[in-house]
Every structure is written in C-alpha cells, then in structure tokens.
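Structural features, examined
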Amino acid sequence: MNHILEAQQFDRPYLEKLFKSAEKLGKKPKPLLTGKILATLFYEPSTRTRLSFESAMHRLDGGVIATENANEVSSAVKGETIEDTAKIVSQYADVIVLRHFEKGAAARAAEASDVPIINAGDGAGQHPTQALLDTYTLQKEAGGIDGKTVALVGDLKNGRAARSFVYLLGKFEPKELVFVSPPELAMGEDIREYLTRHGIPFRDSESFEEAHAADAIYQTRIQKERFASPEEYERFKGKYILTSEYAASMKDKGIIMHPLPRVDEIDVAVDTSPHAVYFKQAKYGVHVRMALLADLLGR
Amino acid sequence: MNHILEAQQFDRPYLEKLFKSAEKLGKKPKPLLTGKILATLFYEPSTRTRLSFESAMHRLDGGVIATENANEVSSAVKGETIEDTAKIVSQYADVIVLRHFEKGAAARAAEASDVPIINAGDGAGQHPTQALLDTYTLQKEAGGIDGKTVALVGDLKNGRAARSFVYLLGKFEPKELVFVSPPELAMGEDIREYLTRHGIPFRDSESFEEAHAADAIYQTRIQKERFASPEEYERFKGKYILTSEYAASMKDKGIIMHPLPRVDEIDVAVDTSPHAVYFKQAKYGVHVRMALLADLLGR
Amino acid sequence: MNHILEAQQFDRPYLEKLFKSAEKLGKKPKPLLTGKILATLFYEPSTRTRLSFESAMHRLDGGVIATENANEVSSAVKGETIEDTAKIVSQYADVIVLRHFEKGAAARAAEASDVPIINAGDGAGQHPTQALLDTYTLQKEAGGIDGKTVALVGDLKNGRAARSFVYLLGKFEPKELVFVSPPELAMGEDIREYLTRHGIPFRDSESFEEAHAADAIYQTRIQKERFASPEEYERFKGKYILTSEYAASMKDKGIIMHPLPRVDEIDVAVDTSPHAVYFKQAKYGVHVRMALLADLLGR
C-alpha cells in the first residue's frame, strides 16, 4: 500500500508513467474502479480540490463518500483523534483523500489507516497532487520540463503549491528556476538546499520583469496578512500583476500557470491569451488524479 | 451548448417534446448519462432543488459532485468571482446546476462556463426548472393547459416560483390567470406586460374565493417580513389558508399545487384530498429534470 | 413497506437471516441495487453513521443523495415539518436514512414517507442499525451470543447505543449481562423490565473488575456533563479506562467492543491487542447495512 504524502516521494520513472496514464485517461476515461469507494475527509474546505478528486473517481466509475467540513462534525467535536477517524473511515472506503489544517496530519492518518491516504494539503505542509498536476501541465503545455526556465512569482515563502511544485521540478532537469518575490516572501532555505543537492540552478529577483523570458510563469497570490505592516503590503501590491501587455511581451510559446483561485494577480483580460493555461491546468488535475487513483486502486 | 437561464427561453414545441420525454423517463429511467458528471454549485442552501437534481442524474446513471454551501467555502472566501468558479468547475463536470443569491449570477456564470449552466434560482431572478415542473404537473394533472383557468395565490410580487411559472404559462393558451394576493404583494408589471403581449387574459383579486372555480390553484407562502407593519401582515394572515372545506368546494377535477415547502397556507388535512397534487409535483420535478439533463447531455 | 425504527422490532429468525446476508455481502458485494437511490437526511451531523450507510449503498451499486446538516438548510429554516420533508424526499429516493435530535422523529417521518425510513438515531431514542452491527460483531467475534456473558461499561443511562444493543441481546439467550457504571449512570428501568420479561439474567456493579471475565466488554464513553458536579465526575473519571494490562488479564477469547468514537476510555495501546475488535465493528457496520438495504430495496 502506498500513501501519497509529499511531492518528494515520487521518482522520475513513476512520474513519466503516471503522466502517460493521465494522457490516456484524459482522452478516454475507463471504468477501472467499479465497486471501489473514495472518501473525501476535509477538515477545512477546498471545493476545487475536493470536486476534482470526486470527478476523477466518478470518471473511473468509482463511488464517493464525502465530508465537506469534517472538523465541524460530531466525531471531531467529541474529541476523536485524526488517527482514529482515519482508521474508521478506512473501514468504509478504498482510499481516503485528506485535507487538514495541521502540518503532518496526513502522515499521522497514514500510520493508522488500512487504505491509502492521499494528502490533499496539510496546513503549512504539502499538497503533492497539486504539484503533480502542475508538473503535468508544464510538460504538456511547455513541451517538456528538461531545459526549460520556470519563473515562480508571488508568495514563495508560504505558498504550499509553489513549494510542492519545486520539489517535483527537482526530479527533472529544468534549465533554471527564477524566484520572483518580495524579500519577505522569498523561497525557503529547505527548498534551496534541496535544489542545490539535485543540481538545479536557481536565482532570486524582486523584479517581475525577470519572469518575462521564462518558458513558464507560475503566478501565485500574495496575501495582505503576510506582511509586517499595511505599508509594506502596499509597496508590493500591484508590482506582480500579470496584465495583457505583460502577456503579449512573453516569449512565443511561454505559458502562464496559476494554482487558482485567482484574485487580481492575473488580469481577466489575460484569460483569452494563448499564453494562459491555468484553466486547462484545472482540467489536467482531473486527468492526473484519475491516473493516480487508477494506479493506487487498480493494482 | 444551451444554458437554462430563464423560463422565457423555451418555446412550446420544445416544452411538448420535453414533457413527453419526462413522461417516458418517469415511468422507466434509462442509463442515458453513464460517465457524465453533474456538479451542484449552491451558494445558498436549497435541499429540495439540489436533491431533486441529484436524484434525476443518478436515475440516468450519471455521477454527481456536490457543494451544499458554496459561499462558505474556500474559493469564495478567498475572493474568487462566480465567473472563475464556474469556469473551473466546468473543467470537472459536464453540466453545472447553480443556485445563487444574486439576480443575474447564472447568466454571468454561463458567460464563463465551458459546459451548460442550469439556473436553479438566482436571488430575485428566476427558477426556470421549477417552472418546468409546475407546468408539467398542470398539464398532467389538470388534463392539459390550453383552455384552463389557473389561480395563483399568495405573494405574487416576490415569489420567484410563481413568476417563473406564469412566464411558461404564457407559452400556452390558458383561458385565464387569476392573481389572488394582498395589494402589497400583487403580480409585477413586467409579468402583466408579458401576458398582454402574448394575449393571455388575467385579472386580480384580493379574495381567496375567486380561486375556487379554477382548474388549478397554485398556492404559495406569504412571508411576514414582506409587509410594512405587523398589523398589515395580521390583516392578511389566515385569509388565504387552504382548508379541507375549501378543497371540498373546488370543482371536481380542480387541482391544488404548491412549490413547497409549505408552512400553514395549506392545512395538512388537505394532503389526503384527491385535489392535492403538490407531493406528486415534487416527484414530477425529478422526471422533468431527467428529461432536461438527457436533452442537454445526451446530444 | 418496512421502516426500521427501533431494535425491538426484529425477531430472531430475521436477525439470523440478516446476519447470513451480511456475511455473504461482506465477503463479496453484489450490484443488487442498481438504479436505486438512498437519501441521507441528517439533522445533526454523524459522519461515521452517514459514511457507513453511503458506503453500503455504493457497494451495492446504488446512488446516494445526501444532506450533511439538514437543520441548517432552507426548508427547515422556513418552518417545514419533518413529516413534509420526509414526504418530499421520499419522492426523490427509494429509502431515507434519518438522523434527528428529537426522540420520535423517525416514527413521525415514517408516517408521512412513501419509502422506508431507517432511524439512524433520534435524540434520546434509538439507533437500531448500531444495535444490529453490535450484535453481528458479537456473534461473529465471540463465536455466538447464546450462553455468553456481556459486560456493558460506562454511561448506560444515556448511552443510546448501549440501550439499543441490549434490546437486541434480549432476542437471544445470553448467559448474563453485567452493567458496570457509576450509580448515576445506571441502566434504565425500562431496559431492566424488558430483560426480566425476556428472562435474561443481569446484574449491576460499580467495579470495572466485574467486566473482566466476560466474553465481551462493550465499552462506552462517560461525558463530564452528565454528572451533578465536577467532583462527582472526577471520582469516576479514570475508573473505567481500559488499558493494555486490563486487556491482557481478560479471558482468552474475550473481545472488546466500542460504538466509537473513543476518547480515552480505551487506551490506544489496546488497539493492537487480539481482544480489540472495535475497528472491525466499524467495518461490520457496512456489511450489516448492505444486508439491510438489500432486504428493504431488493424485494
């Protein structure tokens, strides 16, 4: 049994096999999981992630039992541990997709569960299936990952999606990663050490113009509450807004990605640009999750 | 691709075809939508509408991904627009049933979505599938619509269901519509103009007795908060309560409809009357929605 | 049509037939309920019960329409009675699983519904399917029920699960029931009379040591708020905690059951003991519910 807990756990051959399967199932889903049940156990809401997983399971003819807001519900209120809840729900389902507000919750659940746990985000921890779909999108829309330059923009310090994505990029051979952020929100030391260990070149910049020439821009949201003062926030607000003009100045095949939801860091006018792939990215999420579920449960 | 946004959009041939299909599928559902997915995106709760759609989808062997209370969930909280949410969810599903508290929300979602949007109520706007099931019920239980007298009773000013129903009745040739309500809650000018344009006779009355001789009474709830003062409310409260005695005095084949939920405007003793068809109406809702989903997705 | 309202309604031949079916379906579920729909109507949250029923329905290839928190939703807010809600939902589904905070709610819903109602807990009332799964677990894991000694421990006065379980035990011929509880939380008079009437021996004890030699210990939670004073609670808190040492001193084939969720009345170290069957109990819940649904809907 394999739990899906963090982006680092995958190796390149597994990813390549998974992406091939995603490609196939994306074109034509198959009833591979008839009679199987997926449980979504969400201790904080995340509509998109939950619906994406449920859609993937249905496309493969599996059943879904869902909890939209598990921490309001009776067992949690009564003081049940996440281990007990996972153990019990694993008696009902063949796989559990867990979203939790505490880092490490997925690993704790995995210790107790009788079925695979898929970490769908655990607090400041990871969100490995988001990283899978981001990497799959990059490969598919930028024509590969090796030799490409990827610029990650925004809150790289706290952004779980950006962090998990970089872990996966480290499994390939990108030409360079460019970290564009205010110094307060710079990419963490742990990620830098990881990249150095894997021999992936990277550099930092405060200037959004540095993202410009990349093969892919991974745009993320900057949250006001991350700054020490409102003045600090105002200094950066607006510096990283991706407009139509910006998109038009990108290289020919350059793509714009975003984990979504988007607030105003990408102008809606960009949506119709050929560079914009962020809604496709959402669709690819279903494809990658189909491939993952088929792999975990179809064995 | 067709969105279902307002009752006016249907023409009589479409309605007749739809009702025939509802009749057939109601008798014997078919696995017409295997592998298809319906998403319910509800920004305000509406158990009956949601469950009715989900039931219809399951009866046709389709899958359902559901959001019971979308405006409490993460994306909306983070400031995502309804357009973005619709665009994203349309990557996961083949049709979206949307309930929203703002008039026009369904039309905005339809602009962005890659799949059909079904408006399941948008604030003071419309609720076209409620109108479809009401019209289907009238045709089935009153033996047709042309030549029939329909009395609408209660809050006709604010009642979204009553308003949408009248729009659909305008596609047929009823003998007369009777609007029974307190003057404060009279049917709006827009509807009157619409009926005049379509040559449908109608008249107003404050007296519940005027509903009496109709082929169908469409009873609705009057909400206290709609009145200028509690005294005003007290004046009308009780004037329009449909009792067993009232039911017994109706014409032989006259029917009593109600969009439900009912509070006390129909006595529970009426439930066993042969005139009462409001629970059948709920069942017919599933049949009509099956026909609609089959039409939208089975193409 | 049969409603499932209270544990007393079953007779022994029915239970034996049901348990045989649970055994078979637990080993190999069958698509017995294709095209059928189960509605979960929960007026208070109970994740485990809801997910267990939904899992059972999916395993039999049926569809599910769900309400996680029905009393927050529109119809209830608008003042709809439980009778009306049940009547309406019975137009959408083939069976309704109802959880309510009021004793007697399930019986009221059953009066109105056009399809079977399964009581999944009604306030201080009953929870008959919990009793079914408890009895099934006892039979399966203790090698039968007749001639066995069962010790029930904890809050026997308010514990709905314990009370419902004893009603079912009364249908068999256990050797003896031992009620281990603080005097404040002793088993009620109604149950004692029932057992006397059925000729089942029972005795009371305050001492946890009395549970020790039983073939099965049914452990339950003691809630602080049940006591007159915090001092009273402190006197009993800790007296009934089932530890590894306690488990090791049990008779060879003795089993430990618990309706779950568990807080600290069973040490987590006990989970790996061969005596512990409480997580199996959760799995058997799905099996018994499959058998029940197949019986109700497969006719």
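Residues numbered from 1 in each chain as written. Chains lettered and ligands numbered in written order. Predicted model: local features only at pLDDT ≥ 70, side-chain atom pairs only at ≥ 80, totals over all residues. Heavy atoms only, no water.

**A look at the interface of chain C and chain A**
Every contact between the two is made by 22 residues of chain C and, on the other side, 24 residues of chain A. Interface area, chain C with chain A, both sides summed: about 2,100 Å², of which 54% is carbon and sulfur. Its largest share of buried area at the contact with chain A, chain C owes to C:R48, C:R59 and C:F279, together 27% of the area lost on that side. At the junction of chain C and chain A, the tally comes to two salt bridges. Between C:R262 and A:D84 there is a salt bridge whose closest N-O contact spans 2.6 Å. Counting across the interface, chain C meets chain A through seven residue pairs in polar contact (both at pLDDT 80 or more). Put simply, the parts of the chain that give the side of chain C that touches chain A at least two residues each are α2 (47–59) and α11 (278–297) of chain C. Looking at the side of chain C that touches chain A element by element, the count peaks at nine residues for α2(C). Its residues assigned to classes, the side of chain C that touches chain A comprises eight nonpolar, five polar and nine charged. (Contact = heavy atoms within 4.5 Å. Buried area = accessible area lost by both parts, 1.4 Å probe. Salt bridge = Lys/Arg side-chain N within 4 Å of Asp/Glu carboxyl O. Polar contact = N/O pair within 3.5 Å; in protein donor to acceptor, adjacent residues only side chain to side chain. Helix = DSSP H or I, 4+ residues; strand = E, 2+ residues; numbered from the N terminus. Nonpolar A, V, L, I, M, F, W, Y, C, P; charged D, E, K, R; others polar.)

**Regarding the relation of the copies chain C and chain A**
Aligned on chain A, chain C shows an RMSD of 0.0 Å; the corresponding rotation is 120 degrees and the shift along the axis is 0.0 Å. Such a combination of turn and shift is consistent with a three-fold rotation axis. (Least-squares fit on C-alpha atoms with pLDDT ≥ 70 in both.)

**Observations concerning the side chain of A:D295**
When you line up the elements, A:D295 lands in helix α11 (residues 278–297). Non-local contacts of A:D295, meaning those with residues more than four positions away in its chain, are made with A:Y14 and A:K17.

**Quick notes on the sheet that holds strand β6 (residues 176–180) of chain A**
All names here are of chain A. Pairing is parallel in the open sheet, where five strands are placed in the order β7-β6-β5-β8-β9. A strand with exactly one partner marks an edge of an open sheet, and here the two such strands are β7 (202–205) and β9 (255–257). Put simply, the sheet's adjacent strands are angled 20 degrees from each other on average, direction ignored. Bridge count for strand β8 (residues 216–219) against β9 is three bridges, and the pairing is parallel. Considered in β9, the bridge of I217 is made with I256. Each of β5 (149–153), β8 and β9 touches helix α6 (residues 128–141); the most contacted strand, β9, lies at about 170 degrees to it. (Pairing = 2+ DSSP bridges. Axes fitted to C-alpha atoms, helices over the stretch in contact; angles between N-to-C directions.)

**Examining the nonpolar core**
Among the nonpolar cores identified, the biggest contains 107 residues, and B:I118, B:L138, B:L152, B:L242 and B:L293 are the most heavily contacted of them. Per-element accounting of this core gives the leading share, 13 residues, to helix α11 (residues 278–297) of chain B. Excluding residues that lie within four positions of it along the chain, B:I118 makes contacts with B:I4, B:F53, B:V95, B:I96, B:V97, B:L98, B:T129, B:L292, B:L293 and B:L296. In this structure, A:A86, A:V115, C:I4 and C:A131 belong to the second largest nonpolar core, which totals 106 residues. (Core = buried A, V, L, I, M, F, W, Y, C linked by side-chain atoms within 4.5 Å. Buried < 20%, exposed > 50% of the residue type's maximum accessible area, 1.4 Å probe, protein only.)

**Quick look at the domain arrangement of chain A**
All names here are of chain A. We note that the domain assignment places domain 1 (7–126 + 284–296) and domain 2 (128–282) within chain A. The C-alpha centroid of domain 2 is placed 25 Å from the C-alpha centroid of domain 1. Residue-level contacts link 28 residues of domain 1 with 27 residues of domain 2. Between domain 1 and domain 2, a total of about 2,400 Å² is buried, with carbon and sulfur atoms accounting for 60% of that surface. The largest share of the area that domain 1 buries against domain 2 comes from R12, F19 and Y284, three residues that together contribute 32% of it. The interface formed by domain 1 and domain 2 holds two salt bridges in total. A salt bridge links D146 to R12, with the nearest nitrogen and oxygen atoms 2.7 Å apart. The tally of links between domain 1 and domain 2 comes to 13 residue pairs in polar contact (both at pLDDT 80 or more). (Domains from an automatic or database assignment.)

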